[in-house]
Amino acid sequence: MNILVSQPQPTDIEKSPYGDITRKYNVQIDFYKFIKIEGIPSKEFRQSRINLLDYSAVIFTSRNAVDHYFRMAKELRADIPQTMKYFCMSESTAFYLQKYVQYRKRKIFHGKQNFEDLMEIIRKHKEEKYILPCSDIHKASISKMLDDSEVNYTKGVFYKTLASDLSHIDIKKYDMLVFFSPSGIASLYKNFPEFKQNSTIIGAFGPTTSKAVIDAGLNLNIEAPTKSAPSMTMAIEEYLQKNMKKSK
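Remember, predicted model here, so these are calculated numbers, not experimental data. (Residues numbered from 1 in each chain as written. Predicted model: local features only at pLDDT ≥ 70, side-chain atom pairs only at ≥ 80, totals over all residues. Heavy atoms only, no water.)

Novice: So what about the environment of Phe115? Which residues, and what values?
Specialist: Residue placement: Phe115 occurs in helix α5 (residues 115-123). With relative accessibility at 3%, the residue Phe115 sits in the buried group. Separated by 14 residues in sequence, Phe115 and Val101 have C-alpha atoms that sit 23 Å apart. If sequence neighbours within four positions are ignored, Phe115 has contacts with Ile59, Thr61, Met89, Ile122, Ile142, Met145 and Leu146. (Helix = DSSP H or I, 4+ residues; strand = E, 2+ residues; numbered from the N terminus. Buried < 20%, exposed > 50% of the residue type's maximum accessible area, 1.4 Å probe, protein only. Contact = heavy atoms within 4.5 Å.)

So, in C-alpha cells, the structure goes:
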C-alpha cells in the first residue's frame, strides 16, 4: 500500500510513529507539503491601517503567526515594547517566541493545545487590546469565541496560505491520502482538477478538515482525533489493523 501524507516528512522518520507503521504493516509512506505560506508584503499590510503599536497584547495560534508578526514589525520598523503581552495557543508556540524575545523577561501566557484553553486565560485579561495575526484562510471559530466573549481585538492578515505545486506527483499511485487542513483539500483539486476518489482511502485530521473532505463530495474513511485515536498516526494504524483482519 502507498500512503501520501500532506505534511513535511518528520526529521527522524525511523523514530517517528510513521516509521513504526511502515515497518509494522509493510506500507510505503511519502510526504509532500500540499500548502505553502507566503508573507503579505508590508506595502499591502499598510492598507489595512493596522498600527502594531496600538495593541497591548498579541494572540498567536501558530509558529507561522509568530514569524510573520515579527517579520512585519521589522519591515514596518515598529519597535515592539517589552510591555507587550503574548497569548499563545500551545506551550510549544510560547517557547518558539524565544527566537524573537527574551522569554523570561516577557509576559507570556499559553493554553494547553486548543483555543478553548487559551480563551480561559484571555477572559481574565479583558482589559487588553489584542491583535490576532492570521492567514487569509483561518478558523472562523476562533473569531467567534473572541466575539462571544466580547474581547477587544483586531484580526490582521499577515500571511497567505497557497497551494503548493504538486505537478511532479503521480496522485493515482496512492491508495491513501491523508489531510490536515481544508487548504490541503483545496490544493488537491487545484493540482489535480480531474481527481476521482474511486477506491482511494481518505484520512482527515480535525473537524474542519473532515468537513472539507465531505463538502468536496469525497468519502471520509479515516477520521482523527477520536477517543481511541487521538493522533492521525493512531487512526491510520487503527484502520490498517481492521483491514488486515478483513483480508485474512
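On we go from here.
Novice: Before we move on, could you go through the sheet that holds strand β10 (residues 201-205) and cite the residues and values that matter?
Specialist: The strands making up a sheet are joined through hydrogen bonds of the backbone, oriented either antiparallel or parallel. On the basis of which strands lie adjacent, the open sheet formed by five strands has the order β2-β1-β9-β10-β11 and parallel pairing. Since the sheet does not close on itself, it has two edges, and those belong to β2 (28-31) and β11 (222-224), each with one partner. Adjacent strand axes in the sheet meet at a mean angle of 15° when their direction is disregarded. Relative to β11, β10 runs parallel, the two being bridged by three bridges. Pairing of Gly203 across the sheet is with Ile222, part of β11. (Pairing = 2+ DSSP bridges. Axes fitted to C-alpha atoms, helices over the stretch in contact; angles between N-to-C directions.)

Novice: If you had to explain the pattern of salt bridges to someone new, which residues and values would you point to?
Specialist: All told, the structure shown has 10 salt bridges when counted by the stated rule. Notably, a salt bridge pairs Lys173 with Asp30, separated by 3.9 Å at the nearest N-O pair. Of this pair, Lys173 sits in the loop between β8 (153-163) and β9 (176-179) while Asp30 sits in strand β2, placing them 143 residues apart in sequence. The exposure class assigned to Lys173 is partly exposed, which follows from its relative accessible area of 40%. We note a salt bridge from Asp215 to Lys211, for which the minimum N-O separation is 2.8 Å. With Asp215 and Lys211 both in helix α8 (residues 207-215), this residue pair falls four residues apart, about one helical turn. By relative accessible area, Asp215 is classed as exposed at 55%. Put simply, Glu14, Asp20 and Arg23 are held in one network by salt bridges that share partners. (Salt bridge = Lys/Arg side-chain N within 4 Å of Asp/Glu carboxyl O.)

Novice: Describe the sheet that holds β8, listing the residues and the values that go with them.
Specialist: If you trace the six strands from one edge of the open sheet to the other, you get β3-β8-β7-β4-β5-β6, paired in mixed fashion. Both edges of this open sheet fall to β3 (35-39) and β6 (107-110), since each of them pairs with a single strand only. On average, each strand axis in the sheet is inclined to that of its neighbour by 25°, with strand direction left out of account. As judged from the four bridges shared by strand β5 (residues 85-88) and β6, these two strands associate in the parallel manner. Bridge pairing in β6 places Tyr86 opposite Ile108. Taken strand by strand, helix α6 (residues 140-148) contacts β4 (57-60), β7 (130-135) and β8, and its axis lies near 175° from that of β8.

Novice: Can you break down the packing of aromatic side chains residue by residue, with the values?
Specialist: Taken as a whole, this structure holds 14 aromatic pairs when the rule is applied. A centroid spacing of 6.0 Å and a plane angle of 10° characterise the contact between Phe60 and Tyr86, whose relative ring orientation is stacked. Here Phe60 is found in strand β4, whereas its partner Tyr86 is found in strand β5, with 26 residues between them in sequence. Tyr86 matches Phe60 in its accessibility class, with the two residues each being buried. Put simply, the rings of Phe45, Phe60, Tyr69, Phe70, Tyr86, Tyr100 and Phe158 pair up and form one aromatic cluster. (Phe/Tyr/Trp six-rings, centres within 6.5 Å; stacked < 30°, edge-to-face > 60°.)

Novice: Quick rundown of the side chain of Thr209? Include the residues and the values.
Specialist: Structurally, the position occupied by Thr209 is in helix α8. What makes Thr209 buried here is its relative accessible area of 1%. Residue contacts for Thr209: discarding those within four places in its chain leaves Phe179, Phe180, Ser181, Pro182 and Ala204.

Novice: Describe helix α1 (residues 17-25), naming the residues involved and giving the relevant values.
Specialist: Along α1, the residues that are buried comprise Tyr18, Gly19, Ile21 and Tyr25. When α1 is viewed along its axis, its buried side chains cluster within an angular range of 165° and face the same direction. (Arc of directions from axis to C-beta.)

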